[in-house]
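Take a look at the letters that make up each chain.
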Amino acid sequence: MRLLIAEDDRDISRALKALFEHNNYIVDTVANGNDAYHYGTSKNYDGILLDIMMPGTDGLEVLRRLRADSVKTPVLMLTAKSEIEERVNGLDAGADDYLTKPFAANELLARVRAMLRRKDTYQNELLEFQGLQLDLSTFELRFGHERIRLASRELQMLQLLMLSPGTVISTEQFMEKIWGWDSDVEVSIVWVYISNLRKKIEKLKAPVNIRAIRGVGYCLEKMRTEWRKK
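From a predicted model like this one, the values you see are computed outputs, not experimental measurements.

Judged by nonpolar contacts, the single largest core of 32 residues is most densely connected at Leu134, Leu141, Met157, Leu158 and Phe174. Put simply, the parts of the chain that give this core at least two residues each are β6 (126-129), β7 (132-135), α6 (152-163), α7 (171-179), α8 (188-204), β10 (208-213) and β11 (217-222). When sequence neighbours within four positions are dropped, the list of residues in contact with Phe174 reads Met157, Leu160, Leu161, Ile169, Trp179, Val190 and Tyr218. Formed by 21 residues, the second largest nonpolar core is a distinct cluster that contains Leu4, Val30, Leu63 and Val71.

Here is the structure:
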């Protein structure tokens, strides 16, 4: 799961990023409302944590603009204010939940999990293709009685492939969805992760292949009988 955290307090932002990354989320952070809006419109996030009091455009206006642009990404509002009117304004603007600072880390994690379960595009935590199972909650890839643990971005990449088997996903799509459109990593990183995934799938002896289509991208497909004999 990938989150966008919009928080102008650097210490809080760093703490939130560390908390969620420790719990196997991929996290991007921004420190002002304008960036929160531009990142949010990319629709590359499973959830957004949005502080109300930010420089530039405040969180409520960011949320209103995102909803006006048909961005349905679930949003949890964070604020130091506890007045009922502020909570009502946030919910009326399209927020899915609301949490007042200071808050306990466990409660925040639980609220985010609940928010992601409720979203319109909620996905089952167990994906399956040709007997190969990907458990999004444990980061385990399983086939038969064998299992192997995936790194965070390996899971994200395989999740995209397993959600649309047979559909070609381009290198650019992987880069945008997993590393972010403003990432400075080389695009060759996609091939590195694809190679790692292939080795792990092969180790499990699953009848599945990640096929590379030169100049186009990659797709997940059932392994052909003749490939298994090689």
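Attention now goes to the pattern of salt bridges. Under the counting rule described, the total for this entry stands at 14 salt bridges. In this structure, a network of salt bridges that share partners links the residues Asp135, Glu140, Arg142 and Arg147.

Quick look at the packing of aromatic side chains now. For the structure shown, the criterion picks out 3 aromatic pairs. Taking 5.4 Å as the distance between ring centres and 85° as the angle between the ring planes, the aromatic pair formed by Phe20 and Tyr25 counts as edge-to-face. Relative accessible area serves as the criterion here: at 0%, Phe20 is assigned to the buried category. Aromatic side chains Phe174 and Tyr218 sit 6.4 Å apart centroid to centroid with 55° between the ring planes, which places their arrangement in the tilted category. Placement of Phe174 in helix α7 and of Tyr218 in strand β11 is noted, with a sequence separation of 44 residues between them. Grouping residues by exposure puts Phe174 and Tyr218 together as buried. Of note, Arg65 hangs over the ring of Tyr37, and the distance from its end group to the ring centre comes to 3.9 Å.

Time to look at the sheet that holds strand β9 (residues 146-149). Taken in spatial order, the 4 strands line up as β6-β7-β8-β9 in an open sheet, and their pairing is antiparallel. Two strands bound the open sheet, and with one partner strand each, they are β6 and β9. Taking each pair of neighbouring strands and ignoring which way they run, the sheet shows an average axis angle of 20°. The pairing of strand β8 (residues 140-143) with β9 spans 4 bridges and is classified as antiparallel. Bridged to Phe143 within β9 is Glu146. Along the sheet, α6 contacts β6, β7 and β8; its crossing angle with β7, the most-contacted strand, is approximately 130°. Relative to β9, α8 is tilted by about 160°, and along the sheet it contacts β7, β8 and β9.

Rules and cut-offs
Residues numbered from 1 in each chain as written. Predicted model: local features only at pLDDT ≥ 70, side-chain atom pairs only at ≥ 80, totals over all residues. Heavy atoms only, no water. Core = buried A, V, L, I, M, F, W, Y, C linked by side-chain atoms within 4.5 Å. Buried < 20%, exposed > 50% of the residue type's maximum accessible area, 1.4 Å probe, protein only. Helix = DSSP H or I, 4+ residues; strand = E, 2+ residues; numbered from the N terminus. Contact = heavy atoms within 4.5 Å. Salt bridge = Lys/Arg side-chain N within 4 Å of Asp/Glu carboxyl O. Phe/Tyr/Trp six-rings, centres within 6.5 Å; stacked < 30°, edge-to-face > 60°. Lys NZ or Arg CZ within 6 Å of the ring centre and 35° of its normal. Pairing = 2+ DSSP bridges. Axes fitted to C-alpha atoms, helices over the stretch in contact; angles between N-to-C directions.

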